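# Examining the three-dimensional arrangement
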Amino acid sequence: MPQTDTERRAAAPTGLSPSRAGDFLTCPLLYRLRVIDKLPEPPSKAATRGTLVHAVLERLFDHPPAERTVAQALELLAPQWERLLGERPELAELFPEDAQGTELAGWLADARKLTERWFTLEDPTRLHPVERELYVETELESGLKLRGYIDRVDVAPTGEVRLVDYKTGRAPSRDFEGKAMFQMKFYALVVWRWKGVLPKRLQLVYLGGSGDVVTYDPDEADLRAVERKLLALWETISRAVATGEFPATRNRLCDWCDHQASCPEFGGTPPPYPLPVQRTASQEQESVTGMTSKES
């Protein structure tokens, strides 16, 4: 019997990134649908705008310091948008009924505002990144692989390392600040375990709202705590993969989720679990109880 597209694509997870760890902590079912079932998601205007602004800020550092101006950055917007369209033609679906280009123009104007705001938060003429969009990966002693992309890595003349991430949204309230910084601690742990270098500073640059810069200086105790949390999380994920049990969890992001049709919280039904399932002790007991009841 031929496999379906879902069965061919489905695969057990092999490691963790900050975004996928966040998915599981937010909603295990969302994690499953993205990582195991690999259900497609339409591109979003907000996420694509973030990708565009990230690309502009990355390419700006191709220019010498004196040329890293607002005008130069804005000149990069159109060609970077064309590049993204060439690499991902499905992005044209973001503006399906925009024959006059009005909606696209407004969207690009918002991207320009975010780009301009960055110059009020950092001075690129004084920055000398050693890496941009750096892919990092390491394997812990337990065998867990950690991976991700760091927007920018700065190294001071004295050797201190700073990890920087751009966010096109608003800075979170203090109640959610720790959750946002978890991503940066994740990256710091990867760099520490990979290169043996403890980053001196972690920095989140928020371009939304009025703009903000949030920093944190980690120590080894911080990163060991993150490592323990990730190992515990991976154990939980591994059990869920083995049993196929990924409960849906209602949260404040549900209204923007693309998978409501597959979510029981919204009257949907998840697709059949595509991986082999190990029966839990409680399932085995239920099976034995059911058989006994039938026999009697």
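Residues numbered from 1 in each chain as written. Predicted model: local features only at pLDDT ≥ 70, side-chain atom pairs only at ≥ 80, totals over all residues. Heavy atoms only, no water.

Let's shift gears to the overall build of the chain. Helices and strands together make up the secondary structure of the chain, namely nine helices and five strands. Helices and strands in the chain line up, N terminus first, as α-α-α-α-α-α-β-β-β-α-β-β-α-α. The principal-axis extent of the C-alpha atoms belonging to the chain is close to 85 × 55 × 40 Å. Sequence separation of at least 24 residues holds for 66% of the intrachain contacts in the chain that already meet a minimum separation of 6. (Helix = DSSP H or I, 4+ residues; strand = E, 2+ residues; numbered from the N terminus. Contact = heavy atoms within 4.5 Å.)

Time to look at the sheet that holds strand β3 (residues 161-167). Taken in spatial order, the five strands line up as β1-β2-β3-β4-β5 in an open sheet, and their pairing is mixed. Looking at the sheet topology across the chains shown, the edges are occupied by β1 (129-139) and β5 (212-216). Strand after strand, the sheet turns through a mean of 35° between neighbouring axes, direction not considered. The pairing of β1 with strand β2 (residues 145-155) spans nine bridges and is antiparallel. Note on β2: the bridge partner recorded for Val136 is Gly148. Of the strands in this sheet, β2, β3, β4 (201-206) and β5 touch helix α6 (residues 102-121), which is tilted by about 135° from β4. (Pairing = 2+ DSSP bridges. Axes fitted to C-alpha atoms, helices over the stretch in contact; angles between N-to-C directions.)

All right, on to the packing of aromatic side chains then. Throughout the structure, instances matching the rule amount to 11 aromatic pairs. A centroid spacing of 6.3 Å and a plane angle of 15° characterise the contact between Tyr31 and Phe246, whose relative ring orientation is stacked. You can see Tyr31 sitting in helix α3 (residues 28-36) and its partner Phe246 sitting in the loop between α8 (220-243) and α9 (281-295), a full 215 residues away along the chain. We classify Tyr31 as buried; its relative accessible area is 0%. Arranged with centres 5.6 Å apart and planes meeting at 70°, the rings of Phe95 and Trp107 form a pair that is edge-to-face. Of the two residues, Phe95 sits in the loop between α5 (70-87) and α6 while Trp107 sits in helix α6, which places them 12 residues apart along the sequence. Taken together, the ring pairs in this structure connect Phe24, Tyr31, Phe246 and Tyr273 into an aromatic cluster. (Phe/Tyr/Trp six-rings, centres within 6.5 Å; stacked < 30°, edge-to-face > 60°. Buried < 20%, exposed > 50% of the residue type's maximum accessible area, 1.4 Å probe, protein only.)

This next bit is on the environment of Thr120. Here Thr120 shows up in helix α6. For Thr120, a relative accessible area of 61% corresponds to the exposed category. Residues Thr120 and Thr26 lie 94 residues apart in sequence; the distance between their C-alpha atoms is 33 Å. At a separation of 2.5 Å, a polar atom in the side chain of Thr120 contacts the main-chain carbonyl oxygen of Arg117. (Polar contact = N/O pair within 3.5 Å; in protein donor to acceptor, adjacent residues only side chain to side chain.)

All right, on to unusual backbone geometry then. For Lys38, which is not glycine, the phi torsion reads 55° and is therefore positive. Structurally, Lys38 is set in the loop between α3 and α4 (45-60). Judged by its relative accessible area of 33%, Lys38 falls in the partly exposed class. One non-glycine residue, Glu133, lies in the positive phi region at around 50°. You can see Glu133 is positioned in strand β1. A residue is classified by how much of its surface remains accessible, and Glu133, at 29% relative accessible area, is partly exposed.

Quick look at the nonpolar core now. Of all hydrophobic cores here, the largest spans 41 residues; its most connected members are Leu16, Leu146, Leu163, Leu230, Ile237 and Phe246. Those elements that provide at least two residues to this core are α2 (18-26), α3, β1, β2, β3, α7 (174-195), β4 and α8. Here the element with the most residues in this core is α7; it accounts for 10 residues. One finds Leu60, Leu94, Leu108 and Ala111 within the second-largest nonpolar core, a separate group that totals 25 residues. (Core = buried A, V, L, I, M, F, W, Y, C linked by side-chain atoms within 4.5 Å.)

Read these as layout, nothing more, since geometry by itself doesn't imply function.
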